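The residues making up each chain are set out below.
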Amino acid sequence: MSPSNGHTIEIVYLISTVLFVLALKWMSTPATARHGVWAGELGMLLAVCGTLLHHGIVDYRWIAIGLVLGTIIGVPLGRVQMTAVPQRTALSHAFGALCVTLVGTAEFYLRAPNVPPFMMAVLAMEVILGGLTLTGSLMAAGKLQEILPQRPLTYKGQNFVNLALLAVAAGLAVYLVMHPEQKLLFPAMLGISLAFGVLMIVPIGGADMPTVISLLNSYAGLSAAAMGFVLDSKLLIVAGALDGSSGFILSVIMSKAMNRSFTNVLFGAFGQVQTSGPAAAEGKTVRGATPEEAANILAAANKVVVVPGYGMAVAQAQHKVRELYDALTKRGVDVKFGIHPVAGRMPGHMNVLLAEADIPYDKLLDMDEINPEFPQTDVTLVIGANDVTNPAARNDASSPIHGMPILDVDKGRTVMVIKRGMSPGFAGIDNPLYYLDKTLMLFGDAKSFVGEIVRELGHGHAHG
Amino acid sequence: MPDLISSLYVFVLAGFIGFEVIRRISPLLHTPLMSLTNALDAIAVVGAIILAGERQSTLATVLGTLAVVAATSNLVGGFLITDRMLKMFKSSRPKKP
């Protein structure tokens, strides 16, 4: 094969790299976002075709089998329900990490015992990051799919055990850098990082998933970049670095939105920070309301802000919420949605569900945009969100979530909260919002309660 | 021995580009962003393809083929779902004709 062929492949990779950067650039607004997907697809197609020209390839059978099998698995993964997107995302982190780990392992055995120190260090990083991302993501997907218990499992000395495991893996990596001929240490290192991935996710509860998924995203990217170093592929380094920084930025946004420190996130030691305080609900009373009363109040409002949370996703209430949006908009009510960064189980989860229900995206506002609007809001309607609306985060220094940025729903003139019962939220923290004089509690399933409000609004319309 | 220093340059600069580009992405699109970066990450398939096709050792061929399966499923599934999600985002403002 001539050297010019090698150059052709490199040029193709360069074009792919540019297309990947453009893909992310176009993702910045919904208007151009689909161009981003097309740019990414074109870049990928070029890169794969270019690679097939690689002079080292002598046997195309296994490649073809792999591509076909991968497509057979990938198509259904691209067609899952929108409510299943968080677990699908976790699963795809796992597949990405699996690919990287397998390639890293193969490269080690092809090269050992002649592995230069820097190469061995990058290989070890690739396999450790890949391994822990693989099992960690599978655990996260299991929890999100509710195959595994969602509640965090904690025990004494958990952080110590986890950090010790990671330290052993790092120690083995260092030893391998010095003695790459010790081939048996490689599977040991891999095994420990796989175990670490499982244990890392054990103490994580459902509400922490947005941070964890972002973090795993970042790890998956970094391990791919490490693979790029091993294979001397600039394209892979760029894609891995883009993915890594994307996951990193999202985890910073998520951890800020939960008022967690960044070291807390980096070491994966979340989940056990919030120990439940004694529920101080005794002696306080809440006011309930029927769907009819709620419908009357909503119909009389000029401006309504809906605050959705994970409860809306669980109840699959987004389509009923859309009907409510339509009914109120038809009456001239200004309806907007206020979305907390960590609402749901992954970054942007609520936006996707509401977009699926055909609610226009310019009505979906993030926390900083919607908070100044609450004082002019007649009714705030909270659907299945709890801790992100808790005023104690703002004004009660003893609260475990004190300092966490929240949606100021209590600043609306009337607050309505759709909730199954008076049980505290995920973090086990009582929410003073429910005891305010202006708060009405709408007890029931989110989907059926919103449906009843819509029906009442329809009646009112019929009577004039 | 690959040129590690120039690889490091590429890594650091790409990290900066990623940071600057992704910082500007609206929170509205964080979920499709994650599925798109996942799909782009599947570019690892190029390494897997070479491994599966070079016939260097049985182990390398087996691991390489499995890696091609894993990466391809991400590639196909990732682009499919990202496009499906983005198609759902509609504005309430009237469309241009």
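Turning to the overall build of chain B, a few remarks are in order. Along the backbone of chain B there are four helices and zero strands. Computed over its C-alpha atoms, the radius of gyration of chain B comes to 18 Å, more than 25% above the 13 Å expected for a compact globule of 97 residues. Along the longest, intermediate and shortest principal axes, the C-alpha atoms of chain B span 60 × 30 × 25 Å. In chain B, buried positions account for 64% of the 97 residues.

Two residues of an α-helix separated by three or four positions point the same way, owing to the 3.6 residues in each turn. Residue and element names in this part refer to chain B. An ideal rise of 1.5 Å per residue puts 16 Å on 12 residues; helix α2 (residues 30-41) measures up with 16 Å between its terminal C-alpha atoms. Counting buried residues in α2 gives 12 out of 12 residues, a clear majority hidden from the surface. For α2, every residue scored as buried is listed here: His-30, Thr-31, Pro-32, Leu-33, Met-34, Ser-35, Leu-36, Thr-37, Asn-38, Ala-39, Leu-40 and Asp-41.

At the interface, 80 residues of chain B touch 99 residues of chain A. Elements with a contribution of two residues or more to the side of chain B that touches chain A: α1 (4-23), α2, α3 (45-53) and α4 (58-88) of chain B. Of the residues in the side of chain B that touches chain A, the class split is 48 nonpolar, 24 polar and eight charged.

Once that is clear, we can look at the pairing of strand β2 (residues 303-308) of chain A. All names here are of chain A. Among the six residues in β2, five count as buried, and that is most of the element. As paired strands, β2 and strand β3 (residues 334-339) are joined by four bridges and run parallel to one another. Its bridge partner being in β3, Val-306 is matched across the sheet by Phe-337. Both β2 and strand β5 (residues 379-383) contribute to a ladder of five bridges, which runs parallel. Looking across to β5, one finds that Val-304 is bridged to Val-379.

Quick look at the sheet that holds strand β1 (residues 287-288) of chain A now. A sheet is described by the order of its strands in space; here seven strands give the open sequence β1-β7-β6-β5-β2-β3-β4 (chain A), paired in parallel fashion. Both outer strands of the open sheet, β1 and β4 (364-366) of chain A, are each paired with one neighbouring strand and no more.

Of all residues in chain A, 92% have pLDDT values of 70 or greater, and the mean over the chain is 88. When the criterion is pLDDT under 50, residues 268-281 of chain A qualifies, and its contacts beyond four places in sequence or with other chains add up to 30 contacts.

Time to look at the domain arrangement of chain A. Residues and elements named next belong to chain A. Domain parsing of chain A yields domain 1 (59-266) and domain 2 (287-462). In this structure, domain 1 and domain 2 have C-alpha centres spaced 36 Å apart. Contact with domain 1, which involves 19 residues of that partner, is made by 18 residues of domain 2. Among the residues forming the side of domain 1 that touches domain 2, the class breakdown is 13 nonpolar, six polar and no charged.

A few words now on the packing of helix α5 (residues 117-144) of chain A against helix α6 (residues 158-178) of chain A. Residues and elements named next belong to chain A. Contact geometry of α5 with α6 gives a least axis separation of 8 Å together with a crossing angle of 155°. Overall, the two elements α5 and α6 adopt an arrangement that is roughly antiparallel. Judged by the twist between their axes, the crossing of α5 over α6 is right-handed. For the pair formed by α5 and α6, the contact residues are Pro-117, Met-120, Ala-121, Ala-124 and Ile-128 on the first element and Ala-169, Ala-173, Leu-176 and Val-177 on the second. Within the contact of α5 with α6, the residues separate by chemical class into nine nonpolar, no polar and no charged.

Okay, the confidence of the model for chain B next. Residues and elements named next belong to chain B. Averaged over all residues, the pLDDT of chain B equals 90, while 94% of them reach at least 70. At the low end of the mean pLDDT range in chain B sits α1, at 92; at the high end sits α4, at 95. With pTM at 0.90, the complex prediction returns an ipTM value of 0.94.

We now examine the packing of α6 of chain A against helix α7 (residues 185-201) of chain A. All names here are of chain A. Here α6 crosses α7 at 155°, and the two axes come no closer than 9 Å. Put simply, α6 runs roughly antiparallel to α7. You can see that α6 and α7 cross each other, and the crossing is left-handed. The residues of α7 that touch α6, namely those facing Val-161, Asn-162, Leu-165, Leu-166, Val-168, Ala-169, Leu-172, Ala-173, Tyr-175 and Leu-176, are Leu-185, Phe-186, Ala-188, Met-189, Ile-192, Ser-193, Ala-195, Phe-196, Leu-199 and Met-200.

For helix α3 (residues 61-77) of chain A, spanning 17 residues, the distance from its first C-alpha to its last is 25 Å, which sits close to the expected 24 Å at 1.5 Å a residue. Residues of α3 of chain A that are buried sit in contact with α3 and α4 of chain B.

To continue, consider unusual backbone geometry. For the peptide bond that leads from Ala-112 of chain A to Pro-113 of chain A, omega is 5°, which places it in the cis range. If you trace the backbone, Pro-113 of chain A turns up in the loop between α4 (85-111) and α5. Even without being glycine, Glu-146 of chain A reaches a positive phi, approximately 65°. Following the sequence through the fold, Glu-146 of chain A ends up in the loop between α5 and α6. Glu-146 of chain A sits in the exposed class, given 10 other C-beta atoms within 10 Å. The backbone of Arg-55 of chain B sits at a positive phi, close to 55°, despite the residue not being glycine. By the element assignment, Arg-55 of chain B lies in the loop between α3 and α4. Residue class for Arg-55 of chain B comes out partly exposed when judged on the 16 C-beta atoms lying within 10 Å of it.

Parameters and conventions
Starting afresh in each chain, residues are numbered from 1 along the sequence in its written order. Chains carry letters and ligands carry numbers; both start at the beginning, A for chains and 1 for ligands, and go up in the order they are written. Under the rules for a predicted model, residues below a pLDDT of 70 receive no local features and side-chain atom pairs below 80 are neither given nor counted, while totals for whole chains, interfaces and linings still include all residues. Secondary structure elements follow DSSP: runs of H or I of four or more residues count as helices, runs of E of two or more count as strands, with numbering from the N terminus. Radius of gyration: C-alpha atoms only; globule rule: 2.2 Å multiplied by the number of residues to the exponent 0.38. Residue burial is a threshold on neighbouring C-beta atoms within 10 Å of the residue's own C-beta, all placed from the backbone, with 20 or more meaning buried, 12 or fewer meaning exposed, and counts in between meaning partly exposed. What a helix is expected to span follows from its residue count: subtract one and scale by 1.5 Å. Residues are scored as being in contact if the C-beta atoms we place from backbone atoms lie within 7 Å. Three residue categories are used. Nonpolar comprises Ala, Val, Leu, Ile, Met, Phe, Trp, Tyr, Cys and Pro, charged comprises Asp, Glu, Lys and Arg, and polar comprises the others, including Gly. In this scheme, strands are said to pair when DSSP sees at least two bridges between them. The predictor's confidence in any single residue is recorded as pLDDT, a number from 0 to 100. An automatic or database domain assignment supplies the residue ranges for each domain. A fitted line through C-alpha atoms serves as each axis, taken over the contacting stretch for helices, and the angle formed by two N-to-C directions is quoted from 0 to 180°. The scheme is simple: roughly parallel for angles under 35 degrees, roughly antiparallel for over 145, roughly perpendicular for 65 to 115, oblique for anything else. Handedness of a crossing is defined here by the sense of rotation of the near helix relative to the far one, left-handed for an anticlockwise turn of less than a right angle and right-handed for a clockwise turn.

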